[in-house]
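Chain by chain, the residues run as shown.
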Amino acid sequence: MTDIETRRERPVRQRPGGPGTARPLTDVPRARTPHDDAPHDDAPPGDAPPGDAPHGGPAPGRAAHADAAELRALPPLVFAGECDLLRERLARVAGGEAFVLQGGLHAKTYGRETADAIRDTLRTMMQMSALLTYATSVPVVKVSRIAHFTDPRRLVARYQTAAAALNLVRAFASGGYAGLRQVHAWNREFVAASPSRAGYEPLSAQLGRALDFMDACGPGSASPADAEFFASHEARQPVYEKELTRIDSRAGEPYSTASHFVWIGERTGDLDGAFVDHLARLRNPIGIALGPDCGPDEASAHLDRFDPAREPGRLTFVVRMGADAVRETLPAVIEKITAQGHRAAWICDAMHPSVPLGADGGPPGPRTFDDVLDEVTAFFEVHRALGTHPGGLHVELTGREIGGPEDRGLQRHPAPDRVMSLPPTPCLTRAGALDLAFLVAQAYRDGSR
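Residues numbered from 1 in each chain as written. Predicted model: local features only at pLDDT ≥ 70, side-chain atom pairs only at ≥ 80, totals over all residues. Heavy atoms only, no water.

Engineer: Can you walk me through the overall build of the chain in this structure?
Structural biologist: Helices and strands together make up the secondary structure of the chain, namely 13 helices and 13 strands. Within the chain, the fraction of its 449 residues that count as buried is 56%. In the chain, of all internal contacts separated by at least 6 residues, the share reaching a separation of at least 24 is 78%. Roughly 18,000 Å² of accessible area belongs to the chain as shown, and the carbon and sulfur atoms make up 53% of that amount. (Helix = DSSP H or I, 4+ residues; strand = E, 2+ residues; numbered from the N terminus. Buried < 20%, exposed > 50% of the residue type's maximum accessible area, 1.4 Å probe, protein only. Contact = heavy atoms within 4.5 Å. Areas by Shrake-Rupley, 256 points an atom, 1.4 Å probe, with all protein chains shown as cover.)

Okay, structure coming up:
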């Protein structure tokens, strides 16, 4: 690992304590990981003997070693100072002073991250953010997903795709594309064409009047400005994580330079394993996915493993339980964590919960927009009852106007000849994402959080 340059001059706080001595990641056997056709975002890596190939394909062998060496020499995708800034933003989320919107393209879009797809996804996230900012009266922290894959033979290709996507997002965000006036115009167009127009127009009109007031306060108050975007990815490939970990020259601590925010799926690895050891040493903000079977003790174990110092902004819990488990299981988890004096950031991921079998025991039926909305509603109800802060939303979206089977499009008012979703993981169309944002914003404005 080598030093990396940072964009911020002020020193990083030294981390008190730590997770203890970790085994080097080189001790981890090559992971047996699913290919791009894996049905779940968080499928387990598991371990395989060094000579075996995943799913019977050719063993990575020399190609994987060559990729590792090349990754080691490539520049970082993000900077340590940016990771510190996100940790500060997430500390505000944990304290109830901000809201997180994490979203982006589905993992299956690897290789199809065109400029138009990235632009449309960014536009949709900015539209959602504007609505949520106005409704919640707190800043919205925008975190994009870097579409990922786990084939150990294409690690450099993954890096190059992520680099291109990040460059384009930064260019759009800093070039005035995401100005408030432009975003509001897009929202007005959506409302005018929406079957729910009557319900959405009041909030849209209020936001327009707020922008008029900002303009009246002085030139440029509501003019285009740089939009702060952070990047995130799920840690699934040990070699990729290791080679893109660098030591920051300011404080001598390790950071993942693959993205600002790293999250771990439900089955990514053993809490006592070397892969988790490595991730626990990173100074990046870390996300932990909590599935329907996660109880208070397991969540507390994650807290002890990844945040023994109880540092604000360090740990985010990504709740992906399904509506029933959110109502029945989540309250005890939140109470256990808060009883330890820790204010974690809580994000609702209604896109990835386990999908129950059909009524006849056969394959699960399609996941609908109402399923997603029910889980989000349950998430807000639980936090309101406990007096805690519902910190944000995790969404997968296409940015497309209408979705179909090819992109698992999920929207509230689908065209009759379109499939709303395909199991197990839906993906919101632009219409579905904006419907969700309007409904969440209305819940805030109605005082129902």
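Engineer: Whenever I open this one, the pairing of strand 11 (residues 392-396) confuses me. Can you help?
Structural biologist: The side chains of a regular strand alternate, residue by residue, between the two faces of the sheet. Within strand 11, five of the five residues are buried, which leaves it mostly tucked inside the rest of the structure. Both faces of strand 11 are covered, namely the face carrying Gly392, His394 and Glu396 and the face carrying Leu393 and Val395. Where strand 2 (residues 99-104) lies against strand 11, five bridges are found, and the strand directions are parallel. Bridge pairing in strand 11 places leucine 101 opposite leucine 393. Pairing of strand 10 (residues 345-349) with strand 11, which is carried by three bridges, proceeds in the parallel orientation. Across the sheet, cysteine 348 pairs through a bridge with leucine 393, a residue of strand 11. (Pairing = 2+ DSSP bridges.)

Engineer: Would you mind going over the packing of helix 5 (residues 180-193) against helix 13 (residues 430-445) with me for this structure?
Structural biologist: Two numbers describe a pair of packed helices, the interaxial angle and the distance between the axes. Two elements in contact, helix 5 and helix 13, have axes whose closest approach is 11 Å; the angle formed by their N-to-C orientations is 100°. Overall, the two elements helix 5 and helix 13 adopt an arrangement that is roughly perpendicular. Residue-level inspection shows Trp186, Asn187, Phe190 and Val191 of helix 5 in contact with helix 13, the latter providing Arg430, Ala431, Leu434, Asp435 and Phe438. Looking at the contact of helix 5 with helix 13, its residues break down into six nonpolar, one polar and two charged. (Axes fitted to C-alpha atoms, helices over the stretch in contact; angles between N-to-C directions. Parallel < 35°, antiparallel > 145°, perpendicular 65-115°, else oblique. Nonpolar A, V, L, I, M, F, W, Y, C, P; charged D, E, K, R; others polar.)

Engineer: How should the sheet that holds strand 7 (residues 261-264) be read in this particular structure?
Structural biologist: Note: strands within a sheet are paired through backbone hydrogen bonds, in either parallel or antiparallel orientation. Here we have eight strands rolled up into a closed barrel, ordered 2-3-4-7-8-9-10-11, and parallel in their pairing. Here the strands of the sheet are splayed against their neighbours by 25° on average, with no regard to which way each runs. Across five bridges, strand 8 (residues 286-290) lies against strand 9 (residues 315-319) in parallel orientation. Looking at strand 9, one finds that isoleucine 286 is bridged to leucine 315. Along the sheet, helix 3 (residues 115-136) makes contact with strand 2, strand 3 (140-145), strand 4 (229-234) and strand 11, crossing strand 2 at roughly 160°.

Engineer: What exactly am I supposed to notice about the packing of aromatic side chains here?
Structural biologist: Given two aromatic rings, one states the distance between the centres and the angle between the planes to describe the pair. The final tally for this structure, using the stated rule, is five aromatic pairs. Ring centres 6.2 Å apart and planes at 20° place the aromatic pair phenylalanine 190 and tyrosine 200 in the stacked group. On the criterion of sequence distance, the pair formed by phenylalanine 190 in helix 5 and tyrosine 200 in helix 6 (residues 197-217) is long-range, its members being ten residues apart. By relative accessible area, which is 9% here, phenylalanine 190 ends up buried. Given a relative accessible area of 1%, tyrosine 200 falls into the buried group. Residues phenylalanine 379 and phenylalanine 380 carry aromatic rings whose centres are separated by 5.9 Å and whose planes lie at 80° to one another, so their mutual orientation is edge-to-face. According to the relative accessible area criterion, phenylalanine 380 is buried, its value standing at 7%. In this structure, arginine 123 packs its charged tip against the face of tryptophan 186, placed 5.9 Å from the ring centre. (Phe/Tyr/Trp six-rings, centres within 6.5 Å; stacked < 30°, edge-to-face > 60°. Lys NZ or Arg CZ within 6 Å of the ring centre and 35° of its normal.)

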